Amino acid sequence: MLADQYTAGGGAAPRLMGYSSRLAIVAAVGLMGLAASLSGLAWPTGALDWQIIEHLRWPRVVAAALVGSVLAVCGLLLQILTRNPLAEPYILGLSGGASVAVMAGAVAGISPLFRSPLAVAGALTATLILFALTRGGRADPVRLLLTGVLISAACGALGSLLLTLSDPLQSQTALVWLMGDFGSAGLSLWWALPWVVLVVLLARAGRVMDLMARGQDIAQVLGMPVQKIQVAALALVSVLTALCVAVAGPIGFVGLVVPHVMRLWHGGAHRRLLPLCAAGGAALLIWADWLGQVLVRPIQLPAGVIMALIGVPLLLVLLRGVHVKR
């Protein structure tokens, strides 16, 4: 079944180069995107150029790298925990729940300082609803996916309702934010939190994820506390997703595209896939944000729109694969 092939680390890629070389290539692609985003492919020549880089371009590049790396790893973790190749925070409604909570807080007049706690509460609520409706995530892949899509659609409808109830000026800003945009991102010390958690995951979670990918029964026989790991990991994914939504709004398909590309390219153990996904997600979203700035100048397309253009065709291909294998 397609779910087993993707979640068990299957699909061994041709070993034409080593793991370090692949990671270096991904990092180089990300650094190229960073250079393009910061300088616009031209070296800054005056004080004004450097001020633009410092106050406008640098914060959005850091935000794109943060959100991309976190969402890619969250997508990989969800695919392992649910044994579903189509699982990722946006499609399963976690991002939608976080965005609805933030919108509700804005309409109620709650200070933007509470955006992150509101997003966390919304994402956790969406996760509880999803796994209550799918028997703890043990439903077949198609049912789990459709339930997540319905939750995401319901959150989208609630977001539209809240948008109409908000102030016209506020609704214009919120509309851009809901499309996943880094234009209003400002550097914050709180951004260090998800990256610290991500580093701990990269260092500690590889072996656990390898065992979980073999199936719950095998993991239990090997002495793993499966239920505790699932609850803790899902709560962690919800919190990380919510923090990303608080930074830049809901951005989809990063957690879908990157893990599958890295599996097909490298395969192997998850202790190596996790760093590759983190680096690949950061690189992809940096480039997506840059493309949104340059494709239809002077109009800037949100990075979420660019990711939808990439992710929707891939989702259709994967859905067809699941249908064929069932």
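Since the model is a prediction, treat every value here as computed from it, not as a measurement. (Residues numbered from 1 in each chain as written. Predicted model: local features only at pLDDT ≥ 70, side-chain atom pairs only at ≥ 80, totals over all residues. Heavy atoms only, no water.)

Among the structural elements, serine 166 can be located in the loop between α6 (141–165) and α7 (168–178). Of the residues examined, serine 166 reaches a relative accessible area of 13% and is grouped as buried. A distance of 2.7 Å separates a polar atom in the side chain of serine 166 from the backbone oxygen of leucine 163. For serine 166, the residues in contact, after removing those within four places along its chain, are Val107 and Ser171. (Helix = DSSP H or I, 4+ residues; strand = E, 2+ residues; numbered from the N terminus. Buried < 20%, exposed > 50% of the residue type's maximum accessible area, 1.4 Å probe, protein only. Polar contact = N/O pair within 3.5 Å; in protein donor to acceptor, adjacent residues only side chain to side chain. Contact = heavy atoms within 4.5 Å.)

Attention now moves to the pattern of salt bridges. Where charged atoms from two side chains of opposite charge come close, those side chains can pair. Under the definition given, this model contains one salt bridge. For arginine 60, the salt bridge is made with aspartate 289, and the minimal N-O distance between the two is 2.8 Å. Here aspartate 289 lies in helix α12 (residues 270–294) and arginine 60 lies in helix α3 (residues 47–82), a separation of 229 residues in the sequence. The buried category is assigned to aspartate 289, whose relative accessible area is 2%. (Salt bridge = Lys/Arg side-chain N within 4 Å of Asp/Glu carboxyl O.)

A word on the confidence of the model for the protein chain. Of the residues in the protein chain, 87% reach a pLDDT of 70 or more, and the chain-wide mean stands at 81. No element of the protein chain has a lower mean pLDDT than helix α1 (residues 2–7), at 47, and none a higher one than helix α4 (residues 94–107), at 92. Across residues 1–12 the pLDDT falls below 50, and counting only partners more than four positions away or on other chains, this stretch makes 33 contacts in the model. (pLDDT = per-residue confidence, 0-100.)

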